[in-house]
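Architecture and fold: a report
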Amino acid sequence: MNFVYEALPMRVVFGDGALSRVPGEISFLRLENVLVLSGPRQEAVGKQVAEALGDRCAGLLPEAAMHVPVEVANRAREVAAELGADGCVAVGGGSAIGLGKAVALTHGLPVVAVPTTYAGSEMTPVWGLTENGVKRTGRDPRVLPVSVVYDPSLTRSMPVGLAVTSGINAVAHAAEGRYAPDASPIVSLMAREGVRALLAALPAIAGRPDDAGARADALYGAWLCGAVLGATTMGLHHKLCHALGGTLNLPHAETHTVVLPHALAYNGAAEPSPAELWELEGRLGTPRSLRELGMAEGDIDRIADQVASATFPNPRPVTAEGLRELLHAAWSGREPSPHGQRRT
Ligand code: NAD
């Protein structure tokens with residue numbers, strides 16, 4: 001019982017049909033001219049928001065792209081300035097919300113987030129930008145969305161494969177939050193409840209993709225796991241996924257899904273159990289090897305060296321040799337060792 005916990009200022013509106021409450025949030029925040037941002041595939045939802053806002057919508061930019069390329073961020077910043085926007089509504093997964101954060105970072109505009117995946121970016125003051133193939137991230141309170149509208153009905157269009165991998169991406173935030181240096185009893189409460197909700201909901205979604213209750217439970221779990229991500233400093237698992245995504249351009253949610261059981265085994269984490277997670281992934285048919293995500297075996301050393309030379313908190317010392325072993329198991333799709341990787 002010795003901790004520091006800083007609550008982040010945040011409004012959350014949750015419920016089926018909550019999308020219709022976006023105009024109310026804009027009124028509450030006294031915004032009058034907001035730019036709606038989405039990815040190309042979420043443009044229809046973006047249009048719905050724009051229409052509901054009427055003359056309080058400055059425009060719609062459906063150009064969000066994975067990992068927020070700096071060119072896309074600069075274009076959104078220019079459009080926001082040209083239109084005299086006083087805020088942004090970001091509709092979509094972590095990429096669209098990341099674009100809203102990029103505008104907030106330089107222009108100080110408040111962001112209302114409408115998440116459509118379980119990635120959790122809406123709950124954090126962390127931004128990311130990719131330039132010349134290198135992803136930079138940072139923390140800045142200005143990029144934390146001021147209001148988050150969770151509408152589970154928007155997540156029903158996620159195919160089962162994306163729902164499951166995105167859900168495991170959320171579980172990863174909670175799992176690492178439990179052993180983070182800035183963990184606290186409230187973080188543990190959110191992490192346990194978030195993991196419980198997701199691990200119950202994901203098999204239900206896989207069995208019945210139209211199960212509205214399971215979709216709502218999963219989004220509720222993702223909110224809590226995202227809140228853990230916002231409150232703590234991430235360790236080995238997130239560092240590895242960041243390197244694999246940023247350097248090799250591997251897909252975000254799938255990479256988290258493959259790496260998580262191995263990273264938890266390496267750290268000797270018990271909740272969730274790496275063996276049970278691995279077994280669940282097999283049952284739900286997710287990818288379980290980095291090889292099938294397109295990683296070449298020859299890249300293992302490069303990623304191991306990159307992560308071993310970085311500084312980050314982790315319950316177990318991180319060595320290049322230990323990482324090579326972990327990455328080799330994850331690359332080939334071997335079951336994670338129940339007692340963690342060989343200690344070095
Ligand atoms: P994403 O936003 O790129 O979405 C993945 C794909 O799913 C896209 O093609 C998108 O169009 C589609 N999609 C989104 N919602 C859908 C829906 N409801 N139905 C059907 N398709 C849908 O990916 P993501 O996994 O949500 O987010 C990953 C990105 O977010 C990465 O760049 C990651 O680094 C970032 N991220 C940042 C933070 C943070 O705190 N800054 C946290 C988590 C993730």
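Residue positions are given per chain, counting from 1 as you read along its sequence in written order. Reporting in this predicted model follows two pLDDT cut-offs: at least 70 for local features of residues, and 80 or more for side-chain atom pairs to be given and counted; totals over whole chains, interfaces and linings ignore these cut-offs and use all residues. Excluding hydrogens and water, the side-chain figures rest on all heavy atoms present in the structure.

Topic: unusual backbone geometry
Of note, the bond from Glu-271 into Pro-272 is cis; its omega dihedral lies within 30 degrees of zero at -10°. Tracing the chain through its elements places Pro-272 in the loop between helix 9 (252-266) and helix 10 (274-284). Even without being glycine, His-67 reaches a positive phi, approximately 65°. Only DSSP runs of H or I reaching four residues or more are called helices, and only runs of E reaching two or more are called strands; each is numbered from the N terminus. Along the chain, His-67 falls in the loop between strand 3 (57-61) and helix 3 (70-82). Note on His-67: relative accessible area 13%, which makes it buried. Unlike most non-glycine residues, Asn-249 shows phi in positive territory, near 60°. Mapped onto the elements, Asn-249 comes out in the loop between helix 8 (236-248) and helix 9. Relative accessibility under 20% of the residue-type maximum defines a buried residue, over 50% an exposed one, and the middle range a partly exposed one, all with a 1.4 Å probe and only protein chains included.

Notes on the environment of Val-70
Assignment of secondary structure puts Val-70 in helix 3. Along the chain, Val-70 and Lys-135 lie 65 residues apart, while their C-alpha atoms are 9.5 Å from each other. Contacts are assigned to residue pairs with any non-hydrogen atoms lying within 4.5 Å of each other. Non-local contacts of Val-70, meaning those with residues more than four positions away in its chain, are made with Leu-129, Thr-130 and Glu-131.

Quick word on the pattern of salt bridges
By definition, a salt bridge exists where a carboxyl oxygen of Asp or Glu is found within 4 Å of a side-chain nitrogen of Lys or Arg. Within the structure shown, the criterion is met by 11 salt bridges. The salt bridge partner of Arg-75 is Glu-63, with a shortest N-O separation of 2.9 Å. One end of the pair, Arg-75, is in helix 3; the other, Glu-63, is in the loop between strand 3 and helix 3, with 12 residues separating them in the sequence. Relative accessible area serves as the criterion here: at 37%, Arg-75 is assigned to the partly exposed category. You can call Glu-63 partly exposed: its relative accessible area is 33%. Here the salt bridges share partners, and the residues they tie into one network are Asp-301, Asp-305 and Arg-324.

Describing the sheet that holds strand 2 (residues 34-38)
A pair of strands counts as paired when DSSP detects no fewer than two bridges linking them. Within the open sheet, the six strands sit side by side as 1-8-5-4-2-3. Their pairing is parallel. Each edge of the open sheet is held by one strand with a lone partner, namely strand 1 (11-14) and strand 3. Taking the axes of each pair of neighbouring strands and ignoring which way they run, one obtains an average angle of 15° across the sheet. Direction of pairing for strand 1 relative to strand 8 (residues 147-150): parallel, over a ladder of four bridges. The residue bridging Phe-14 from the neighbouring strand is Tyr-150, located in strand 8. Strands in contact with helix 2 (residues 43-53) are strand 2, strand 3 and strand 4 (87-92); relative to strand 2, the strand with the most contacts, it is inclined by about 165°. Each axis is a line fitted through C-alpha atoms, and for a helix only the stretch in contact is used; angles between axes span 0 to 180 degrees, taken between their N-to-C directions. Packing of helix 4 (residues 94-107) onto the sheet brings it into contact with strand 2, strand 4 and strand 5 (111-115), and relative to strand 4 it is tilted by some 165°.

Some points on the confidence of the model for the chain
In regions of low pLDDT, the predicted coordinates are not meant to be interpreted in detail. Per-residue confidence from the predictor is reported as pLDDT, which spans 0 to 100. Per-residue confidence for the chain gives a mean pLDDT of 96, with 98% of residues at or over 70. Note that residues 340-344 has pLDDT below 50 and, in this model, 17 contacts with residues that lie over four places away or in other chains.

Points about the UniProt feature "domain: Fe-containing alcohol dehydrogenase-like C-terminal" (unreviewed entry) in the chain
UniProt positions are given in the numbering used here, feature names are shortened, and annotations may be inferred rather than shown by experiment. UniProt tags residues 164-270 as "domain: Fe-containing alcohol dehydrogenase-like C-terminal" (unreviewed entry). In this annotation, residues 164-270 is assigned 80% helix and 0% strand; the end-to-end C-alpha distance for the span is 21 Å.

A look at the UniProt feature "domain: Alcohol dehydrogenase iron-type/glycerol dehydrogenase GldA" (unreviewed entry) in the chain
Here the UniProt feature "domain: Alcohol dehydrogenase iron-type/glycerol dehydrogenase GldA" (unreviewed entry) sits at residues 9-152. Measuring from the first to the last C-alpha atom of residues 9-152 gives 22 Å, for a span that is 31% helix and 28% strand.

Considerations on the packing of helix 5 (residues 160-178) against helix 8
Here helix 5 crosses helix 8 at 140°, and the two axes come no closer than 9 Å. By the angle between their directions, the pair helix 5 and helix 8 is classed as oblique. The residues of helix 8 that touch helix 5, namely those facing Ala-172, His-173 and Glu-176, are Leu-236, His-237 and His-238. When an angle is under 35 degrees it counts as roughly parallel; over 145 it counts as roughly antiparallel; between 65 and 115 it counts as roughly perpendicular; any other value is oblique.

Let's talk about a nonpolar patch on the surface
Put simply, a patch holds well-exposed residues, over 30% relative accessible area, that have no salt bridge, with like charges counted together within 9 Å and Val, Leu, Ile, Met, Phe, Trp or Tyr side chains within 5 Å. All accessible-area figures derive from a Shrake-Rupley calculation using a 1.4 Å probe, and residue coverage is judged against the displayed protein chains alone. A cluster of nonpolar side chains, namely Met-1, Phe-3, Tyr-5, Ile-186 and Leu-189, defines an oily patch on the protein surface of about 560 Å² accessible area. Judged by relative accessible area, Met-1 falls into the exposed class, the value being 88%.

Considerations on the nonpolar core
Working definition of a nonpolar core: buried Ala, Val, Leu, Ile, Met, Phe, Trp, Tyr and Cys residues. They are joined through side-chain atoms within 4.5 Å. Leu-35, Leu-99 and Tyr-118 are the most contacted members of the largest nonpolar core, which has 61 residues in total. Of the residues that make up this core, three or more belong to each of domain 1 (11-155) and domain 2 (160-340). Apart from residues lying up to four places away in sequence, Leu-99 is in contact with Leu-37, Ala-64, Val-68, Val-72, Ala-73 and Ala-76. Core analysis: the next-biggest nonpolar cluster, separate from the first, contains 24 residues, Leu-240, Val-258, Tyr-266 and Ala-330 among them. For the purposes of this description, domain bounds are those given by an automatic or database domain assignment.

Focus on the site of the ligand
Proximity criterion: a residue is near a molecule or strand once any of its heavy atoms comes within 4 Å of it. If you check the shell around the ligand, you find 21 residues, and the closest are Ser-95, Thr-116, Thr-117, Thr-124 and Lys-135. One of the side-chain nitrogen or oxygen atoms of Arg-41 is found 2.8 Å away from an oxygen atom of the ligand. In the environment of the ligand, a nitrogen atom lies 3.0 Å from a nitrogen or oxygen atom belonging to the backbone of Leu-154. Protein coverage of the free-state accessible area of the ligand, which is 860 Å², stands at 85%. The greatest single-element share of the shell around the ligand, amounting to three residues, is contributed by helix 4. In this classification, the charged set is Asp, Glu, Lys and Arg, the nonpolar set is Ala, Val, Leu, Ile, Met, Phe, Trp, Tyr, Cys and Pro, and all remaining amino acids, among them Gly, are polar. Tallied by class, residues from the shell around the ligand come to seven nonpolar, 11 polar and three charged. Taken domain by domain, the makeup of the shell around the ligand includes at least three residues from each of domain 1 (11-155) and domain 2 (160-340). Distance and chemistry together define a polar contact, namely a pair of N or O atoms within 3.5 Å, with one atom able to donate a hydrogen and the other to accept it when in protein, and with adjacent residues in sequence counting only for side-chain atoms on both sides.

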